[in-house]
Amino acid sequence: MNSKIYKGYTYAILSAVIIGCMPLMAKYIYADGVNPMSLVFLRNLLALPSLAILAWMQSKTLKVPVKSLPSMGLIGIIGCCVTPILLFSSYQYIASGTATVSGTLTASVSGETFEASFQVTVIEAADNLYGHVLTDLATYNGYYWARLYPMLPTSPDMLGTTDHVMYAEEYYNGKLYAFGYDPNIWDGPSWSLFVMDPITQAIESKTLMDESFPFVYDMTYDYTTSTMYAVAGPSDNDSELYVFDMETGALTLLMSTEQFFMSLAAGPDGVLYAMENSKENASEDDWFDPWAPVEMGNATLYAINPIEGTIELIGDTGVQCNMLASMSYDYDTGYLYWTPMFQGGSYISSLSIVDTDTAAATSLGTICASGAQVSGLYIISEEFPEENDDELLSLM
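Residues numbered from 1 in each chain as written. Predicted model: local features only at pLDDT ≥ 70, side-chain atom pairs only at ≥ 80, totals over all residues. Heavy atoms only, no water.

Caption draft 1: Region of interest: the overall build of the chain. A count of helices and strands for the chain gives three helices and 24 strands. Relative to its full complement of 396 residues, the chain shows a buried share of 42%. In the chain, the share of contacts with a sequence separation of at least 24, taken over all contacts with a separation of at least 6, comes to 53%. When the accessible surface of the chain is totalled, it reaches about 20,700 Å², and 56% of it is carbon and sulfur. (Helix = DSSP H or I, 4+ residues; strand = E, 2+ residues; numbered from the N terminus. Buried < 20%, exposed > 50% of the residue type's maximum accessible area, 1.4 Å probe, protein only. Contact = heavy atoms within 4.5 Å. Areas by Shrake-Rupley, 256 points an atom, 1.4 Å probe, with all protein chains shown as cover.)

Below you can see the structure in the form of structure tokens.
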């Protein structure tokens, strides 16, 4: 196989990947108020200088025969005007979905055949992904709300600060429910239930919990049972599954677990996905020493059936996580987002997507410039599952 064919394959792969990324980038541009007509016009206009520079660098002429102008005009109208306008307009009405490009390259060298397969997947990113930054490792500042961008997690939008440490947040029916505590209070009750605006994080109500209130790691709303669940524990090295009363903040124990779950998210089928941290796989002496030079296991994903009271291991994520993290399920794309962070000589953190069938985690990149610990991940989906009031299941 000669170099020209290799170039042909390479150019085809690159163009397919770029085309697959266009709908994802378009959705972010539309969010800023740009319409399809403006996008197509500016895309073509801004490309002209680059094309002129490339032609000059390659000593190519831009002259064309007069007799070719009608044909070129027709190609321009159909291919560069009508087609992209229809394409970019479609992104306003249908999900951009997932684009996957796969193939196999084969070459023969000195009588031997070599074959290489490739697959490039471009996913649809969550549009409204939010979280609470406990620590920004670049500045060591924290306690602020952020909007995260899966396409560029290193550059989140800082939305506002808070004087409370927020550990568990979940969106439901236009409200954001969160548990947090005042780090300046050492004696007496400090945990509070906050009900807030999910976009501005403005506090609408605050309810102080009693001194015996457990440590709440994460919570999630299950639309199949109209129930808010939480994983919490009386100490910082164990957890149990609770039902959370959104009006009073009360937690009612639903089931005890042998695992140490710190992240929780409900899927559309009523399954609760729970993440067990890496430090549960280490020896007990190392639980309280994150800097210990030991080989720690990876975080593992479980499926909880709260109706039947069962817990089933899905698998190993392939990622170490020994600090508090959070998960949230995106009903628009079907992806499970996770914010793992590992401390062991240095900090490693990322925004990741977890495969709910295999538990394999794929990193989308570091959160903030140098990493960040993010709790209370939540997503405001465009379409949440409908609640079936006729088939609500009694958990208690």
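Caption draft 2: How the structure looks around the packing of aromatic side chains. Counting across every chain of the model gives 20 aromatic pairs. Ring plane angle 25° and centroid distance 3.9 Å describe the contact between Y172 and Y221, whose orientation is recorded as stacked. Of this pair, Y172 sits in strand β6 (residues 165–172) while Y221 is found in strand β10 (residues 215–222), placing the two residues 49 residues apart along the sequence. Owing to a relative accessible area of 15%, Y172 belongs among the buried residues under this scheme. With centroids separated by 6.4 Å and ring planes inclined at 75°, the aromatic side chains of Y177 and F244 adopt a geometry described as edge-to-face. A residue pair is termed long-range when its members are at least 10 positions apart, and Y177 in strand β7 (residues 175–181) and F244 in strand β12 (residues 240–244) qualify at 67 residues. According to the relative accessible area criterion, Y177 is buried, its value standing at 10%. Exposure remark for F244: the relative accessible area of 4% places this residue in the buried category. Taken together, the aromatic side chains of Y171, Y172, Y221, Y223, Y329, Y331 and F384 make up a single cluster linked through ring pairs. (Phe/Tyr/Trp six-rings, centres within 6.5 Å; stacked < 30°, edge-to-face > 60°.)

Caption draft 3: View of unusual backbone geometry. Phi at N173 takes a positive value of approximately 50°, unusual for a residue other than glycine. Relative to the helices and strands, N173 is located in the loop between β6 and β7.

Caption draft 4: Representation of the confidence of the model for the chain. Residue-level pLDDT values for the chain average 80, and 78% of them are 70 or greater. Scored below 50 in pLDDT, residues 290–294 makes 10 contacts in the model with residues more than four places away or belonging to other chains. (pLDDT = per-residue confidence, 0-100.)

Caption draft 5: Main features of the pairing of strand β14 (residues 261–266). With respect to burial, β14 is a largely interior element, six of its six residues being buried. Pairing geometry for β14 and strand β15 (residues 272–276), over five bridges, is antiparallel. Looking at β15, one finds that A265 is bridged to Y273. Joining the antiparallel neighbours β14 and β15 is a turn of five residues, in which G270 adopts a positive phi near 90°. (Pairing = 2+ DSSP bridges.)

Caption draft 6: Layout of helix α2 (residues 36–57). In this model, α2 (22 residues) spans 32 Å end to end at C-alpha, consistent with the 32 Å of a helix rising 1.5 Å per residue. Where α2 bends most, at L48, the angle is about 30°, and the proline P49 comes one to four residues later. Burial in α2 covers these residues: P36, L39, V40 and A55. Sitting at the amino-terminal end of α2 is N35, which places a side-chain oxygen 3.1 Å from the backbone nitrogen of M37. Immediately beyond the C-terminal end of α2, within one or two residues, lies S59, with a positive phi of roughly 55°. (Expected span 1.5 Å × (residues − 1). Bend = angle between axes of the 7 residues up to and from the residue. Polar contact = N/O pair within 3.5 Å; in protein donor to acceptor, adjacent residues only side chain to side chain.)

Caption draft 7: Expanded view of the sheet that holds strand β16 (residues 300–305). Within the open sheet, the four strands sit side by side as β14-β15-β16-β17. Their pairing is antiparallel. At either margin of the open sheet sits one strand with a lone partner, and together these are β14 and β17 (310–316). Averaged over neighbouring strand pairs, the angle between their axes works out to 25° when direction is ignored. (Axes fitted to C-alpha atoms, helices over the stretch in contact; angles between N-to-C directions.)

Caption draft 8: Region of interest: the sheet that holds strand β3 (residues 129–136). The strand order across the open sheet built from four strands is β5-β4-β3-β24, with neighbouring strands paired in antiparallel fashion. Every other strand in the sheet has two partners, leaving β5 (157–161) and β24 (372–379) as the edge strands with one partner each. Between one strand axis and the next, the sheet turns through 30° on average, direction left out of account. Across four bridges, the pairing between strand β4 (residues 144–148) and β5 is antiparallel. In the strand pairing of β5, A146 is matched with M158.

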